Amino acid sequence: MKKVDVVLGMQWGDEGKGKVVDVLTPNYNVVARFQGGPNAGHSLHFNGKSFVLHTVPSGIFRDGATNIIGNGVVIDPVILLDEISQIETMGVDCTKRMKISKRANLILPTHRILDAANEAAKGKSKIGSTLKGIGPAYTDKIARVGLRIGDINSAEFKNRYEALKASHLATIANLGFTDFDITEYEAKWFESVEALRKFEFIDNEVVVNNLLASGEAILAEGAQGSLLDVDFGTYPFVTSSNTLCAGACTGLGVAPSRIGNVFGIFKAYCTRVGAGPFPTELFDETGEALRQIGHEFGATTGRPRRCGWLDLVALKYTVMMNGTTSLIMMKCDCMNDFDTVKAAVGYEVSGKQIDWFPYEANDVEVKPVYKEFKGWKCDTTKCRTYDELPQELKDYIKFIEDYCGVPVNIISVGPDRSETIFR
Ligand code: IMO
Ligand code: MG
C-alpha cells in the first residue's frame, strides 16, 4: 500500500507551500488539503502568471491531478466559489478536478463577525488574525455545534443555520460589537452554498485510503506553519488547527503508519505576520531589505510581514515534531546581495543558553545566539543544479543540514516553477 507524502510549512507560514506543491504535483495523482481554511494564501507562479489559492489545493492547475479538500479544513463557501470562478477563467474545470469532504466544517458569515468581535475585545493583546472566521469555526467544530458540507443536503440545514447564527449574534452582542452588517454577505453565502452542490461531496477517509490501496500517489498540503500549531506554536498567537504532520492524519483520515515522506519547507530567513514571539526578528535595515526584496507582504491580507534571520533552534524543534524527512529551502535568492548572513543556533533565556523553543517565549526575552556566515554575493537565480551554486551558499546549506539532521533536497532560487534545484 502506498503512503501519503506531506508538505508542511516549518516556520510561521508563508514559506512557499503553493510553489512547492505545484512543483511536486507531477509526481502525484492526488493533492489534498487537511487543515486551515481561507486564512491560507498559497502563491503559484507559472507561464508569467500568478495565482493565490486560499482553500483550493495547489494541484488544481496540473492536468490529471485530483484535488481533495479534507475533513480537517474549514470552508467559507463565498471565498471558495470566488476562487473557483477565477481558476475557471483559466480554462480549468474545477468540478472535474476537485472533491470536497462531507465532514469539512463551514465558516458562517457570523463566524467572521465573531472573529472581528473577539479581536476587538482583546485590545492590545490581539492575535492579528486574518479575520476569516477560522477560530470561531473551529471553536464550533470542537463544541460539536458546527455545520458541515454534508449538512448542505439536509432538510434541516436552514434551521440549523438560523439557530447557530442566533447564538453567534448573542455572543457578538455580549462583546458589545455592533459595527457590522451581514445582509449582503449572507445572501452571497447561500448562493455559494447552492453553487457548491455541483461538486462531489465525499467520505474522504474512505476515498483516500482506497486510493492508497490502489497505488495512487497522494500529497497532503499543509497550510500555515508548524509554529502556528494550536498545541505547539506560540499559543495564543497561533491558528486554531494542528498544522503539524499529525494534522494530516486527523484531517484526512489516514493512519500515522500511512505517512511517507515529510517535506518541510522553510525560508532561508524567517517571517511572521500577526502578533507573537519572533526571537530573530530584525527591526533594522536588514529586516526592511528582506521585506522589500522578498516581497514580504501578506498574500491573504496584504499586511507587511515581520522579517528576521533564519532561526535554526525553531527549525530543529519543528523538524522533531513533524518527523521531517526532507527539507526544502526557499528564497535564498533574496539574500544574494548580503555581505553576511546569520542564523540562530541557540537562545539565551534568563541568563541560560538553551537549544529548544521555550514555553515561556511570550513572557521572557528570548535572545538569539547567532552564527554568522559569509554572504555568497552573486546571482543564484539562473542556477539550475546544486553544483552551480556558490560555495558560501553550499556551506550555509550544509550547516543547516548538520544542525537539523535532515537533508535539504530542494532549493528554490526564484518564484517560478522552473527556478528550482533538485538534489
Ligand atoms: P499560509 O498557509 C502566515 C496567522 C495570522 C495570525 C494567526 C491566527 O499562507 O502560510 P487566523 O486567521 O488563523 O485566526 O490567524 O495565524 N496566519 C498565517 N500566517 N501564513 C498563513 O497561512 C497564515 N494563516 C494564519 O496572521 O497571526
Ligand atoms: Mg501565505
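Residues numbered from 1 in each chain as written. Chains lettered and ligands numbered in written order. Predicted model: local features only at pLDDT ≥ 70, side-chain atom pairs only at ≥ 80, totals over all residues. Heavy atoms only, no water.

Asker: I'd like a description of the overall build of the chain, backed by residues and values.
Answerer: On a plain count of helices and strands, the chain comes out with 12 helices and 20 strands. Against the 2.2 N^0.38 benchmark of 22 Å for 423 residues, the chain shows a C-alpha radius of gyration of 21 Å, consistent with a compact globule. Principal-axis analysis of the C-alpha atoms gives the chain an extent of 65 × 50 × 40 Å. Put simply, the chain has 423 residues, and 57% of those count as buried. (Helix = DSSP H or I, 4+ residues; strand = E, 2+ residues; numbered from the N terminus. Rg over C-alpha atoms; globule rule 2.2 N^0.38 Å. Buried < 20%, exposed > 50% of the residue type's maximum accessible area, 1.4 Å probe, protein only.)

Asker: Any chance you could break down the pattern of salt bridges for me, citing the residues and the numbers?
Answerer: Enumeration over the complete set of coordinates arrives at 24 salt bridges. Of the charged contacts, one joins E200 and K99 as a salt bridge, the two residues approaching to 3.0 Å between their closest N and O atoms. On the criterion of sequence distance, the pair formed by E200 in strand β9 (residues 200-202) and K99 in strand β7 (residues 98-101) is long-range, its members being 101 residues apart. You can call E200 partly exposed: its relative accessible area is 44%. Put simply, E205 and R103 hold a salt bridge, and the shortest N to O gap is 3.1 Å. One end of the pair, E205, is in helix α8 (residues 204-213); the other, R103, is in the loop between β7 and β8 (105-106), and 102 residues separate them in sequence. Each of D14, K267, E296, R305 and K331 takes part in salt bridges that share partners, so that together they form one network. (Salt bridge = Lys/Arg side-chain N within 4 Å of Asp/Glu carboxyl O.)

Asker: Can you tell me about the packing of helix α6 (residues 157-174) against helix α7 (residues 183-196), naming the residues and giving the values?
Answerer: Close contact between α6 and α7 brings their axes to 14 Å; oriented N to C, the two are set at 145°. Seen from above, α6 lies across α7 with right-handed handedness. Together, F157, K158, Y161 and K165 of α6 and E186, W189, F190 and V193 of α7 make up the contact between the two elements. A per-class count over the contact of α6 with α7 returns five nonpolar, no polar and three charged. (Axes fitted to C-alpha atoms, helices over the stretch in contact; angles between N-to-C directions. Left-handed = near helix turned anticlockwise from the far one by under 90°. Contact = heavy atoms within 4.5 Å. Nonpolar A, V, L, I, M, F, W, Y, C, P; charged D, E, K, R; others polar.)

Asker: I'd love a proper account of unusual backbone geometry, names of residues and values included.
Answerer: Of note, the bond from Y235 into P236 is cis; its omega dihedral lies within 30 degrees of zero at 5°. Summarising the element assignment, P236 is placed in the loop between β10 (218-221) and α9 (246-252). In this structure, R144 takes a positive phi of about 65° despite not being glycine. For R144, the location among the structural elements is in the loop between α5 (134-142) and α6. Even without a glycine there, the phi angle at K377 is positive, about 45°. For K377, the location among the structural elements is in the loop between β18 (366-374) and α12 (391-404). Of the residues examined, K377 reaches a relative accessible area of 49% and is grouped as partly exposed.

Asker: Describe helix α2 (residues 77-88), with residues and values.
Answerer: Given a rise of 1.5 Å per residue, 12 residues ought to cover 16 Å, and the 16 Å separating the end C-alpha atoms of α2 matches this to within 8%. Within α2, burial applies to P77, V78, I79, L80, L81, E83, I84 and I87. Sitting at the head of α2, D76 places a side-chain oxygen 2.9 Å from the backbone nitrogen of V78. (Expected span 1.5 Å × (residues − 1). Polar contact = N/O pair within 3.5 Å; in protein donor to acceptor, adjacent residues only side chain to side chain.)

Asker: Hey, could you go over the coordination of the magnesium ion (ligand 2) for me, with residue numbers and the actual values?
Answerer: Only D14 (OD) and G41 (O) from the protein coordinate the magnesium ion (ligand 2), and they sit 2.1 to 2.5 Å from it. One end of the pair, D14, is in the loop between β1 (4-9) and α1 (17-24); the other, G41, is in the loop between β2 (30-33) and β3 (42-46), with 27 residues separating them in the sequence. (Donors = N, O, S within 2.8 Å, 3.2 Å for Na, K, Ca; no water.)

Asker: I'd like a description of α12, backed by residues and values.
Answerer: Since the α-helix packs 3.6 residues into each turn, any two residues three or four apart lie on the same face. Under the 1.5 Å per step criterion, the end-to-end length of α12 is 20 Å for 14 residues, consistent within 8% with the ideal 20 Å. Looking only at α12, the buried set comprises L393, K394, Y396, I397, I400, E401, Y403 and C404. At the C-terminal side of α12, G405 shows a positive phi close to 70°.

Asker: Any details on the sheet that holds β7? Residues and values, ideally.
Answerer: In space, the 10 strands of this open sheet follow the order β9-β7-β5-β2-β10-β1-β11-β15-β19-β20, with mixed pairing throughout. Two strands lie at the open edges of the sheet, namely β9 and β20 (420-422), each paired on one side alone. For this sheet, the mean angle separating the axes of adjacent strands, direction not counted, is 25°. As judged from the three bridges shared by β7 and β9, these two strands associate in the parallel manner. Across the sheet, residue I100 finds its bridge partner in β9, namely F201. Lying over the sheet, α1 contacts β1, β2, β10, β11 (259-267), β15 (326-330), β19 (408-412) and β20, oriented at roughly 155° with respect to β1. (Pairing = 2+ DSSP bridges.)

Asker: With reference to specific residues and values, describe the state of the cysteines.
Answerer: The final tally for this structure, using the stated rule, is zero disulfides. Of the cysteine sulfurs around C383, a residue in no disulfide, the closest is that of C378, at 6.5 Å. What makes C383 buried here is its relative accessible area of 8%. A disulfide-free cysteine, C404 has its sulfur positioned 11 Å from the sulfur of C270, the nearest such atom. When its relative accessible area of 8% is taken as the criterion, C404 is described as buried. (Disulfide = S-S within 2.5 Å.)

Asker: Pulling in residues and values, what's your account of the packing of aromatic side chains?
Answerer: Any two aromatic rings considered together are summarised by their centre-to-centre distance and by the angle between their planes. Under the defined criterion, the tally for this structure stands at 16 aromatic pairs. Ring pairs connect the aromatic residues W12, F278, Y317, Y347 and F357, which therefore count as one cluster. We note K371 situated over the ring of F373; from NZ or CZ to the ring centre the distance is 5.3 Å. (Phe/Tyr/Trp six-rings, centres within 6.5 Å; stacked < 30°, edge-to-face > 60°. Lys NZ or Arg CZ within 6 Å of the ring centre and 35° of its normal.)

Asker: Describe in detail the site of ligand 1, supporting the description with residues and values.
Answerer: Surveying the vicinity of ligand 1 reveals 20 residues, the closest of which are D14, K17, H42, T130 and T239. At 2.7 Å, a side-chain N or O of H42 approaches an oxygen atom of ligand 1. In this structure, I127 approaches ligand 1 through a main-chain N or O atom, which is 3.5 Å from an oxygen atom. Counted by class, the shell around ligand 1 contains seven nonpolar, 10 polar and three charged residues. (Near = heavy atom within 4 Å.)

Asker: Give a description of the side chain of R33 that names residues and reports values.
Answerer: Counting through the fold element by element, R33 comes out in strand β2. With near-sequence residues (within four places) excluded, R33 lies in contact with A40, H42, H54, T55, P57, I68, I69, G70, V73, E221, A223 and L252.

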